[in-house]
Amino acid sequence: MNCSKAQGRWLFLGIAAVALAMAGPAAADWALDFPASATELGNKVRGLHHMALIICVVMGIIVFGALGYSLVKFRKSQGAQAAKFSHSTKAEIIWTVIPVLILVGLAIPTARVLIEMEDTQAADLRIKVTGYQWKWRYEYLDHGISFFSNIDDASNAASIRGAGLELHEHYLRDVDKPMVVPVGKKVKLQLTSNDVIHAWWVPEFYVKRDAVPGTINETWFKAEKPGSYRGQCAELCGRGHGFMPIVVEVLAQDEFDAWVAGLTAPAEPEPEPEAEAEAAISQASTAAAGGASAR
Amino acid sequence: MSDTTHEEHHDGPHASGMWRWLTTTNHKDIGTLYLVFSLIMFLIGGTMALIIRTELFQPGLQLVDPHFFNQMTTMHALVMIFGALMPAFVGLANWQIPLMVGAPDMALPRMNNWSFWILPPAFLLLLSTLFMPGGAPAGGWTLYPPLILQTGDAFPFVVFSLHMLGASSILGAINIIVTITNMRAPGMSFMKMPLFVWTWLITAYLLIGAMPVLAGAITMLLTDRYFDTSFFLAAGGGDPVMFQHIFWFFGHPEVYILILPAFGIISQVIPTFARKPLFGYTSMVIATSAIAFLSYVVWAHHMFTVGMPQAGLLFFMISTMFIAVPTGVKIFNWLATLWRGSISFETPMLFAIAFVVLFTIGGFSGLMLALVPADIEYHDTYFVVAHFHYVLVPGAIFGVIAGVYYWLPKWTGHMYNETLGKWHFWLSTIFVNVLFFPQHFLGLASMPRRIPDYAVQFTEFNMISTIGAFGFGLSQLLFVWMLIKCVKGGEKATEKVWDEPQGLEWTVPSPAPYHTFETAPKV
Amino acid sequence: MSTGDSAPRIVIRPNSNFTGRGAFWLFVAMTLPVLGIAGAWALRGYWLILPFAGLELAVLGAALAITVRRGRYRETVRFGKRHVHVRRGYAGRQEHVEFPRPWTRAWIEPGASPALPGRLFLGAGGTSCELAACLTEEERQSLCRRLRELTRLPVATEEKGATV
């Protein structure tokens, strides 16, 4: 019966989730669960997700088990006679109260993580992130560094319809200039947008926040390990929404300092935003007429 | 002096052909019109979904331009929500509510005719925007500014067509409320009404509350673009996020508008085939009302990432989690109805059982989505897509299909072909899972929704999902074939059709004659 | 129904649960949340919801008013000594027809198509009027039989009231 099938799926999902949690960072293909977290907070979120998933799987086993039992046991073709009862106050109270208790048990740890998540105090580094159609701009408020981050040329070329080019490993998830941050430091992001609403998202940091024009949204992350972390825009923002990747390079503090020095010490002028913007427009010049701003 | 007739209650199908359908005020005719319209829209919206899934079969852009892809996702949602699901439920209401409460017709037959005939021009207009310069709206069905203001020439037409759809829904809702409150047969008190009638009464109430909000929101978009207001424009001191608040203030009740009547249908079907009265009728009514009430205080759970005060996040998280309680009560009541019943598995029952299982899965993922920290990771990924499609396809649409199989013999006077029905059921249920279950994994592996192209690690599950989409889509052609066969002929249906169905609709002959119950039958 | 005169009388009315007061309270119950929602948004500056809420409530009010009015529709057939009196319409604005009793007949014409209900007429000579359009076919048949019975009675002695 379909109920046992659905039940099987949930079991499969549960087992897969547990297996994957134990396996650590697994191959991306056929991934069945959240990615391994690169932040401490992310681990807590991942833990919440697993707790909720397990509660759902257990409830699913109970509900679908009872359903499957009824469908097998009380079949008319097996001569089952229908009972006449039509309510039971006791049962109805039980299955109202028990879910309430479960929900309260779930809400309390969730609220704790939420409060921690919203605490943007005491940041070591502040970066202003501005969304554009369709690229990101990063401004290091404490260092006077500012640059645009566009999709890499290889992805851009391969994403043209019918290009037939080979797709590289980080297709659509690579940029020309990544955001660079030091490891183990609390990085506060101040997000806004130049045009429509975007959302800055790096899955392994468990950070996603909308970049809204006219508003500054704040969020933060503290990466635990050096490496490259990839994400992309998560709020539909027009034709190039799928082509707006994010890469964060997490470096050791001394490497980060060297990177900062390399950008600030020689009098290399900051690229003009206008010029960059024009380049981006020509990149998107294949946009359909209606994709262009109508205002 | 002599031959003046009391015309209001009297417009049967005098005329023939097209004119008959244009002018009919008979609730059965209008119900049929709504259902046929809904089926056509279901096929159009489904075709759009197949275009989306074909493009997503593998990474790289093969079929469509990203801008057209965005038009498809937007139009697919608008067509399915406003064109397929809502008219389907209104059509079922038109057919069944008068029969179920023992009324001769809907309370306001002429208004009933208008509320249907607003729909086809509204959708012609909406679909015609695909051919306008700049194309159809491509900012998602949620119409978030500023993006939606970048729509080309089509923008005012989109707003106008949505106004028409809203007007149609409001007229339909008013008619249903008046019919249910005024035209019940003597002896049919509120607490004796079938649950389908109850859920529709509550749905109509939600529609009346929510629809003006949508109308106002889209009008403010229009004035922002053409009349220099700045309700939602940051440049003029407005706040684009407030549109999201207003939209979801309409949108969340709308979500329940799409599922409550399905709850009603399932509550009619399961007792019939379990041959046992519905368990916990009163708690079903209370649970439905509670869900409706809660739907007005949970809207911001659609926007946990926009930047809200912590207290707001906590409030909307907890109110959302509590929707699980009345929803759980409903599911447990259905289980208790099956418990110690005498169950048989005709097609409507199969769809109802699949509804209970798959809607519950959608409910579980909904509960997970309520948890703010986790939602921040799920938000705008395929996990959300999987969640709401589980609730809307094997939820709402299976509810409609169960209702159609259940009442079809009453409408046409013929039994449908049970073999075809079973094939339709099994293929639909298997493929709908092949289609949507892998999308949970895609979302967890961090594939965003509404993207025309994706990173290579998402390939495998997307391929499976696309195969499921074609399987599901093609299975629906069996449904169409079954419907045509059943309308044309088939084994004669008896008055009761099923073994022991409950309710007044089973006491009239099959097919039901025009103007049943012109005065009240005794309940 | 009992008015003191002893002529047989039949009252026909549509089924309606509403009283004017019930409809009024229903309207109030719908108005409060709708205006509350629209008003709350208007207070925050998003006032364009209000006109749509108002428009909707106007339609709802009209729908309720029409329904209440339709519920008051009545047809009364009174068999006097010489004439059969038919009053029909709404309270205060009823039209009145009378037929000479000895020639009055009741008959049913079949509907224009098998799907349509039949139509019951009461009349004498060249004039007639339709009755009981709001009844079921079965009830129309039985009403017709009853009317025939009454037209055949020489003098009314009993009081009859049938409310359907």
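Heads up: these notes are all about the structure in this document. (Residues numbered from 1 in each chain as written. Chains lettered and ligands numbered in written order. Predicted model: local features only at pLDDT ≥ 70, side-chain atom pairs only at ≥ 80, totals over all residues. Heavy atoms only, no water.)

1. Things to note about the overall build of chain B
1) Next: Per the secondary structure count, chain B includes 15 helices and zero strands.
2) Next: For 523 residues, the compact-globule estimate of 2.2 N^0.38 gives 24 Å, and chain B sits close to it at 23 Å.
3) Next: Based on the C-alpha atoms only, the size of chain B along its principal axes is roughly 65 × 60 × 45 Å.
4) Next: Taking the contacts inside chain B whose residues are at least 6 apart along the sequence as the reference set, 82% of them involve residues at least 24 apart.
5) Next: As displayed, chain B has an accessible area near 14100 Å², and 72% of this comes from carbon and sulfur atoms.
6) Next: Considering chain B, the positive charge centre built from 20 side chains and the negative charge centre built from 26 side chains are found 12 Å apart. (Helix = DSSP H or I, 4+ residues; strand = E, 2+ residues; numbered from the N terminus. Rg over C-alpha atoms; globule rule 2.2 N^0.38 Å. Contact = heavy atoms within 4.5 Å. Areas by Shrake-Rupley, 256 points an atom, 1.4 Å probe, with all protein chains shown as cover. Lys, Arg positive; Asp, Glu negative; His and termini not counted. Charge placed at Lys NZ, Arg CZ, Asp CG, Glu CD.)

2. What about the overall build of chain C?
1) Next: For chain C, the helix and strand inventory stands at three helices and eight strands.
2) Next: Mapped from its N terminus to its C terminus, chain C presents α and β elements in the order β-α-α-β-β-β-β-β-β-α-β.
3) Next: For chain C, with 164 residues in total, the buried portion stands at 44%.
4) Next: Contacts in chain C between residues far apart in sequence, at least 24 positions, make up 50% of those at least 6 positions apart.
5) Next: For chain C, the exposed surface amounts to about 8500 Å²; the carbon and sulfur share of it is 58%. (Buried < 20%, exposed > 50% of the residue type's maximum accessible area, 1.4 Å probe, protein only.)

3. Digging into the interface of chain B and chain A
1) Next: Contact with chain B, which involves 107 residues of that partner, is made by 105 residues of chain A.
2) Next: Between chain B and chain A, roughly 9300 Å² of surface is buried when both sides are summed, and carbon and sulfur atoms account for 70% of that area.
3) Next: Summed over the shared surface of chain B and chain A, the result is two salt bridges.
4) Next: For Asp-499 of chain B, the salt bridge goes to Lys-76 of chain A, with nearest N and O atoms at 3.6 Å.
5) Next: Counting the contacts that link chain B with chain A gives 19 residue pairs in polar contact (both at pLDDT 80 or more).
6) Next: Residue assignment for the side of chain B that touches chain A shows that the elements contributing at least two residues are α3 (66-101), α7 (195-226), α8 (240-274), α10 (310-338), α11 (347-370), α12 (372-378), α14 (418-444) and α15 (459-488) of chain B.
7) Next: Sort the elements by how many residues they give to the side of chain B that touches chain A and α10 of chain B lands first, with 15 residues.
8) Next: Classifying every residue of the side of chain B that touches chain A gives 66 nonpolar, 27 polar and 14 charged. (Buried area = accessible area lost by both parts, 1.4 Å probe. Salt bridge = Lys/Arg side-chain N within 4 Å of Asp/Glu carboxyl O. Polar contact = N/O pair within 3.5 Å; in protein donor to acceptor, adjacent residues only side chain to side chain. Nonpolar A, V, L, I, M, F, W, Y, C, P; charged D, E, K, R; others polar.)

4. Let's talk about the packing of α8 of chain B against α10 of chain B
Residues and elements named next belong to chain B.
1) Next: Between α8 and α10, the least distance of the axes is 9 Å, while the angle of their chain directions is 15 degrees. Classified by the interaxial angle, the pair formed by α8 and α10 is roughly parallel. Crossing geometry of α8 relative to α10 is assigned as left-handed. Contacts between α8 and α10 involve His-252, Tyr-256, Phe-263, Ile-266, Ser-267, Ile-270, Pro-271 and Ala-274 from the former and Ile-323, Thr-327, Lys-330, Trp-334, Thr-337 and Leu-338 from the latter. (Axes fitted to C-alpha atoms, helices over the stretch in contact; angles between N-to-C directions. Parallel < 35°, antiparallel > 145°, perpendicular 65-115°, else oblique. Left-handed = near helix turned anticlockwise from the far one by under 90°.)

5. Here's the deal with a nonpolar patch on the surface
All names here are of chain B.
1) Next: Judged by side-chain polarity, Leu-43, Phe-470, Leu-474 and Leu-477 come together as a nonpolar surface patch covering roughly 350 Å² of accessible area.
2) Next: Among the elements that take part in the nonpolar patch, α15 stands out by supplying three residues, more than any other.
3) Next: If you trace the backbone, Leu-43 turns up in helix α2 (residues 27-55).
4) Next: Here Leu-43 falls in the partly exposed class, since its relative accessible area comes to 33%. (Patch = residues over 30% accessible without salt bridge, like charges linked within 9 Å, V, L, I, M, F, W, Y side chains within 5 Å.)

6. A few points about the pattern of salt bridges
1) Next: Applying the stated rule across the entire model yields 14 salt bridges over all chains.
2) Next: Here Glu-118 of chain A makes a salt bridge to Arg-209 of chain A, at a shortest N to O gap of 3.2 Å. You can see Glu-118 of chain A sitting in the loop between α3 (89-117) and β1 (125-132) and its partner Arg-209 of chain A sitting in strand β7 (residues 207-211), a full 91 residues away along the chain.
3) Next: Using a relative accessible area of 6% as the deciding quantity, one classes Arg-209 of chain A as buried.
4) Next: Beyond isolated ion pairs, a larger network of salt bridges with shared partners links Lys-76 of chain A together with Arg-275 and Asp-499 of chain B.

7. Notes on the side chain of Thr-104 of chain C
Residue and element names in this part refer to chain C.
1) Next: Examined against the element boundaries, Thr-104 turns out to sit in the loop between β4 (93-100) and β5 (105-109).
2) Next: Owing to a relative accessible area of 0%, Thr-104 belongs among the buried residues under this scheme.
3) Next: A polar side-chain atom of Thr-104 sits 2.8 Å from the main-chain carbonyl oxygen of Pro-100.
4) Next: Here Thr-104 is in contact with Val-84, Phe-99, Leu-122, Gly-123, Ala-124 and Thr-151, once residues within four sequence places are set aside.

8. Section: helix α9 (residues 281-294) of chain B
1) Next: Here α9 of chain B contains 14 residues, and its C-alpha end-to-end distance of 20 Å stays within 8% of the 20 Å for a straight helix at 1.5 Å per residue.
2) Next: Where α9 of chain B is concerned, the buried positions are Ser-283, Met-284, Val-285, Ala-287, Thr-288, Ile-291, Ala-292 and Leu-294 of chain B.
3) Next: Where the residues of α9 of chain B are buried, they touch α3 of chain A together with α7, α8 and α10 of chain B. (Expected span 1.5 Å × (residues − 1).)

9. Re the nonpolar core
1) Next: The biggest cluster of nonpolar side chains holds 263 residues, and the ones touching the most others in it are Phe-82, Leu-92, Trp-200 and Trp-334 of chain B.
2) Next: Broken down by element, the residue count for this core peaks at 22 residues, all from α3 of chain B.
3) Next: Both domains that meet at this core, namely domain 1 (33-73 + 91-119) and domain 2 (125-264) of chain A, each give it at least three residues.
4) Next: Sequence-distant contacts of Trp-334 of chain B, that is, excluding residues within four places in its chain, are made with Phe-263, Ile-266, Ser-267, Ile-270, Leu-278, Met-284, Phe-355 and Val-356 of chain B.
5) Next: Counting residues in hydrophobic clusters, the runner-up holds 35 residues, among them Leu-125, Phe-205, Ala-211 and Phe-221 of chain A. (Core = buried A, V, L, I, M, F, W, Y, C linked by side-chain atoms within 4.5 Å. Domains from an automatic or database assignment.)

10. So, the packing of α8 of chain B against α9 of chain B
All names here are of chain B.
1) Next: α9 packs onto α8 with a crossing angle of 170 degrees between their chain directions and a minimal axis gap of 11 Å. Relative to α9, the element α8 lies roughly antiparallel. On the side of α8, the interface is formed by Tyr-256, Leu-260, Phe-263 and Ser-267, while α9 contributes Met-284, Thr-288, Ile-291 and Ala-292.
2) Next: A class-by-class count of the residues in the contact of α8 with α9 yields six nonpolar, two polar and no charged.

11. Quick notes on the packing of aromatic side chains
All names here are of chain B.
1) Next: Under the criterion given, the structure shown has 65 aromatic pairs over all chains.
2) Next: Relative to Phe-425, the ring of Phe-351 has its centre 5.2 Å away and its plane inclined at 85 degrees; by these criteria the two rings are edge-to-face. In this pair, Phe-351 sits in helix α11 while Phe-425 sits in helix α14, placing the two residues 74 residues apart along the sequence.
3) Next: What makes Phe-425 buried here is its relative accessible area of 0%.
4) Next: Measuring from ring centre to ring centre gives 5.2 Å for Phe-441 and Phe-461, while their planes differ by 40 degrees; the resulting arrangement is tilted. Residue Phe-441 is found in helix α14, and its partner Phe-461 is found in helix α15; the two are separated by 20 residues along the sequence. (Phe/Tyr/Trp six-rings, centres within 6.5 Å; stacked < 30°, edge-to-face > 60°.)

In short, the description is geometric, and any link to function would need to be established separately.
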